[in-house]
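In case you want the letters, here they are:
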Amino acid sequence: MDRAQKEKVVEELGQIFESSGVVVIAHYTGMTVKQMQDLRAKMREVGGSVRVAKNKLAKIALEGKPGVKMGDLLTGMTVLAYSEDPVAAAKVTEAYAKGNDKFVILGGAMGDTVLDQAGVKAVASMPSREELIAQIVSCIGAPASNIAGAIGAPASNIASILSTIEEKAAA
């Protein structure tokens, strides 16, 4: 890799560190190409990506960026998993690590906050953006359906009372 290519990689990594909601760093020693492709596919499904880069270039890219202390995690064969959704990359990597003992999460960063293994696990257990939106919509929609039910209930009660009165009068 010549100097121009290295500068381009540092620039790309800098963009990743700035724009991502969460970055997870993991060791992938011993993983097969198929396993890595599987991880990449799972990350793509949630709108994230996986990137393997030289640790030295990643450390240079981290200078002056949020989560600069994450550079301490960059030792050995590391892979970066990242997504704009602050939860997606953590969820996928945590689930993948459970099924593959060669994929070991070291930590990561969420904005300026550097995460250890437990921090990544905690972020992974949080609901995703879509799940939060669904919860909020259901909370907003529930009172409306209760009001509609309350307004509709007296009318149905009155109608049943009137039909009972009509039946008694007819009998």
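Because the structure is a prediction, the values reported are computed rather than measured.

Cut-off values and rules
Residues numbered from 1 in each chain as written. Predicted model: local features only at pLDDT ≥ 70, side-chain atom pairs only at ≥ 80, totals over all residues. Heavy atoms only, no water. Axes fitted to C-alpha atoms, helices over the stretch in contact; angles between N-to-C directions. Helix = DSSP H or I, 4+ residues; strand = E, 2+ residues; numbered from the N terminus. Parallel < 35°, antiparallel > 145°, perpendicular 65-115°, else oblique. Left-handed = near helix turned anticlockwise from the far one by under 90°. Contact = heavy atoms within 4.5 Å. Nonpolar A, V, L, I, M, F, W, Y, C, P; charged D, E, K, R; others polar. Core = buried A, V, L, I, M, F, W, Y, C linked by side-chain atoms within 4.5 Å. Buried < 20%, exposed > 50% of the residue type's maximum accessible area, 1.4 Å probe, protein only. Pairing = 2+ DSSP bridges.

Visitor: I'm lost on the packing of helix α4 (residues 88–99) against helix α5 (residues 117–124) in this one. Help?
Guide: Relative placement of two packed helices is described by the angle separating their axes and the distance separating the axes. Relative to each other, α4 and α5 sit at 110°, their axes nearing to 8 Å. By the angle between their directions, the pair α4 and α5 is classed as roughly perpendicular. For the pair α4 and α5, the sense of crossing is left-handed. Along its contact with α4, which presents A90, K91, T93 and E94, the element α5 presents V120, K121, V123 and A124. Along the lines of polarity and charge, the residues of the contact of α4 with α5 split into four nonpolar, one polar and three charged.

Visitor: I tried to follow the environment of K121 on my own but got confused; where do I start?
Guide: Topologically, K121 is positioned in helix α5. Expressed as a C-alpha distance, the spacing of K121 and I105, which sit 16 residues apart in the sequence, is 9.3 Å.

Visitor: Whenever I open this one, the nonpolar core confuses me. Can you help?
Guide: For soluble globular proteins, the rule of thumb is that nonpolar side chains tend to be buried together. V24, M36, L39, M43, V79 and F103 are the most contacted members of the largest nonpolar core, which has 21 residues in total. Mapped by element, the contributors of at least two residues to this core are β1 (22–27), α2 (33–45), β3 (78–83), α4 and α5. The element that contributes the greatest number of residues to this core is α4, accounting for four residues. Not counting chain neighbours up to four residues away, the residues in contact with V24 comprise V79, L80, A81, A89, A90, T93, I105, G107, G108 and V120. Counting residues in each nonpolar core, the second largest holds 19 residues, with A53, M70, L80 and A109 among its members.

Visitor: What is the right way to read the sheet that holds strand β5 (residues 113–115) from this model?
Guide: Hydrogen bonds along the backbone pair up the strands of a sheet, which may run parallel or antiparallel. In spatial order, the strands read β2-β3-β1-β4-β5; together these five strands make up an open sheet with antiparallel pairing. Looking at the sheet topology across the chains shown, the edges are occupied by β2 (48–52) and β5. The average undirected angle you get between the axes of adjacent strands in this sheet is 20°. In terms of strand pairing, strand β4 (residues 104–110) meets β5 through three bridges, oriented antiparallel. Bridging from a neighbouring strand, M110 pairs with T113 of β5. Helix-sheet contacts for helix α1 (residues 3–19) involve β1, β2 and β3, and the interaxial angle to β2 is about 145°.

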